[in-house]
Amino acid sequence: MAIDGIELRRVLGQFATGVTVVTTRLEGVPQGMTANSFTSVSLDPPLVLFCADKRARSGMLVGAAGCFAINVLAEEQRHLSDLFAGRGSDEQRRALLDEIGQDAVTGAPVLPGALGWLDCRLERAIDAGDHVVYFGEVVAAGGGEPAAPLLYFRSSYRRLGPL
Ligand SMILES: Cc1cc2nc3c(=O)[nH]c(=O)nc-3n(C[C@H](O)[C@H](O)[C@H](O)COP(=O)(O)O)c2cc1C
């Protein structure tokens with residue numbers, strides 16, 4: 001029996017995550033998308049991954065550019081999550097990345113104020129259902145802002161609270 005799509009989404013939403021903006025740069029032009037599918041994969045060699053819907057244009061750009069940066073958002077960067085999740089136009093996203101993005105190694109923009117960032121060379125891209133899994137080899141990393149993370153749970157933004 002096939003799993004019901006609405007039920008699948010509901011159950012997957014029980015898994016709380018952080019929020020990242022994945023950026024890339026193709027022929028000098030920066031772009032990015034919000035993604036919470038980021039996962040660390042391997043320490044040696046240093047590998048991470050994120051999954052992008054096949055319709056996500058930024059995912060396709062990552063495939064063409066061969067690099068991406070993962071920017072782990074802080075609580076006060078929720079506006080960036082909204083902007084890069086489709087609320088902002090392509091032009092607005094590009095303008096912001098041109099204004100505040102910083103270069104590390106690959107040229108994929110790193111966002112100031114991010115809790116952490118990982119600059120990656122695309123290691124492989126794997127077709128997986130309606131998504132593509134992008135593996136990156138981490139070539140530079142930094143961050144460590146003393147700020148709280150932006151969280152996502154049951155389709156809403158959340159913040160850390162004490163246990
Ligand atoms: C918190 C949050 C997490 C998201 N995570 C992902 C993700 O992991 N993969 C994905 O394809 N889209 C994800 N999205 C949706 C994309 O950010 C959105 O569809 C975006 O506009 C796609 O990029 P594009 O405009 O370049 O096509 C997420 C949205 C939000 C708000």
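Here the structure is a predicted model, which is why all the values come from computation and not from measurement.

K.L.:
Honestly, the site of the ligand in this entry has me stumped. Any pointers?
P.N.:
By nearness alone, 17 residues border the ligand, and Thr34, Ser37, Asp53, Ser58 and Arg93 come closest of all. Take Asn36: an N or O atom from its main chain is 3.0 Å from a nitrogen atom of the ligand. Contact distances for the ligand include 2.6 Å between an oxygen atom and a side-chain N or O atom of Ser37. Using a 2 Å cut-off from the grid points, one finds that the ligand occupies the largest pocket.

K.L.:
I keep staring at the environment of Val132 and nothing clicks. Help me out?
P.N.:
Topologically, Val132 is positioned in strand S8 (residues 131-143). Distance in space between the C-alpha atoms of Val132 and Met33 is 14 Å, their sequence separation being 99 residues. When sequence neighbours within four positions are dropped, the list of residues in contact with Val132 reads Phe50, Cys51, Ala52, Lys54, Ala125 and Ile126.

K.L.:
Hey, could you run me through the environment of Gln102 in this one?
P.N.:
By the element assignment, Gln102 lies in the loop between helix H4 (90-100) and strand S7 (116-128). Since its relative accessible area comes to 44%, Gln102 is described here as partly exposed. Sequence spacing of Gln102 and Pro112 is 10 residues, and the spatial spacing of their C-alpha atoms is 7.4 Å. Dropping the residues within four chain positions of it, Gln102 is found in contact with Ala108, Pro109, Val110 and Pro112.

K.L.:
Could you clarify how one ought to interpret helix H2 (residues 57-65) in this entry?
P.N.:
Turn by turn, an α-helix covers 3.6 residues, leaving residues three or four places apart pointing in a common direction. When we look at burial in H2, the residues that qualify are Ser58, Gly59 and Val62. Along H2, the residues classed as buried sweep out an arc of 105° about the axis, all on the same side. Phi turns positive one or two residues past the end of H2, at Gly66, with a value near 80°.

K.L.:
Looking at this model, I keep getting lost on the UniProt feature "domain: Flavin reductase like" (unreviewed entry) in the protein chain. Mind explaining?
P.N.:
Per the UniProt annotation, the sites labelled "domain: Flavin reductase like" (unreviewed entry) are residues 12-159. Measuring from the first to the last C-alpha atom of residues 12-159 gives 19 Å, for a span that is 21% helix and 44% strand.

K.L.:
I would appreciate a short explanation of the sheet that holds strand S9 (residues 151-153) in the present structure.
P.N.:
Strand pairing in a sheet relies on backbone hydrogen bonds, with the paired strands running either antiparallel or parallel. Read across the sheet, 3 strands follow the order S1-S9-S10 without closing on themselves; strand pairing throughout is antiparallel. The strands lining the two open edges of the sheet, one partner per strand, are strand S1 (17-18) and strand S10 (156-158).

K.L.:
Honestly, the sheet that holds strand S6 (residues 67-72) in this entry has me stumped. Any pointers?
P.N.:
The 7 strands are arranged S3-S2-S6-S7-S8-S5-S4 in an open sheet whose pairing can be described as antiparallel. Each edge of the open sheet carries a strand with a single partner, namely strand S3 (29-35) and strand S4 (39-42). Taken over all neighbouring pairs, the strand axes of this sheet differ in orientation by 35° on average, direction set aside. Across 3 bridges, S4 lies against strand S5 (residues 47-53) in antiparallel orientation.

K.L.:
Whenever I open this one, the packing of aromatic side chains confuses me. Can you help?
P.N.:
The relative placement of two aromatic rings is captured by the distance of their centres and the angle of their planes. Applying the stated criterion across every chain, the model contains 3 aromatic pairs. Arranged with centres 5.5 Å apart and planes meeting at 65°, the rings of Tyr152 and Tyr157 form a pair that is edge-to-face. Residue classification places Tyr157 among the partly exposed positions, given a relative accessible area of 21%.

What counts and what doesn't
- Residues numbered from 1 in each chain as written.
- Predicted model: local features only at pLDDT ≥ 70, side-chain atom pairs only at ≥ 80, totals over all residues.
- Heavy atoms only, no water.
- Near = heavy atom within 4 Å.
- Polar contact = N/O pair within 3.5 Å; in protein donor to acceptor, adjacent residues only side chain to side chain.
- 1 Å grid on protein atoms, 1.4 Å probe; cavity = no way out; pocket = protein on both sides within 12 Å on 5 of 7 lines; lining within 4 Å.
- Sits in = over half its atoms within 2 Å of the grid points.
- Helix = DSSP H or I, 4+ residues; strand = E, 2+ residues; numbered from the N terminus.
- Contact = heavy atoms within 4.5 Å.
- Buried < 20%, exposed > 50% of the residue type's maximum accessible area, 1.4 Å probe, protein only.
- Arc of directions from axis to C-beta.
- UniProt positions renumbered as here; feature names shortened; annotations may be inferred.
- Pairing = 2+ DSSP bridges.
- Axes fitted to C-alpha atoms, helices over the stretch in contact; angles between N-to-C directions.
- Phe/Tyr/Trp six-rings, centres within 6.5 Å; stacked < 30°, edge-to-face > 60°.

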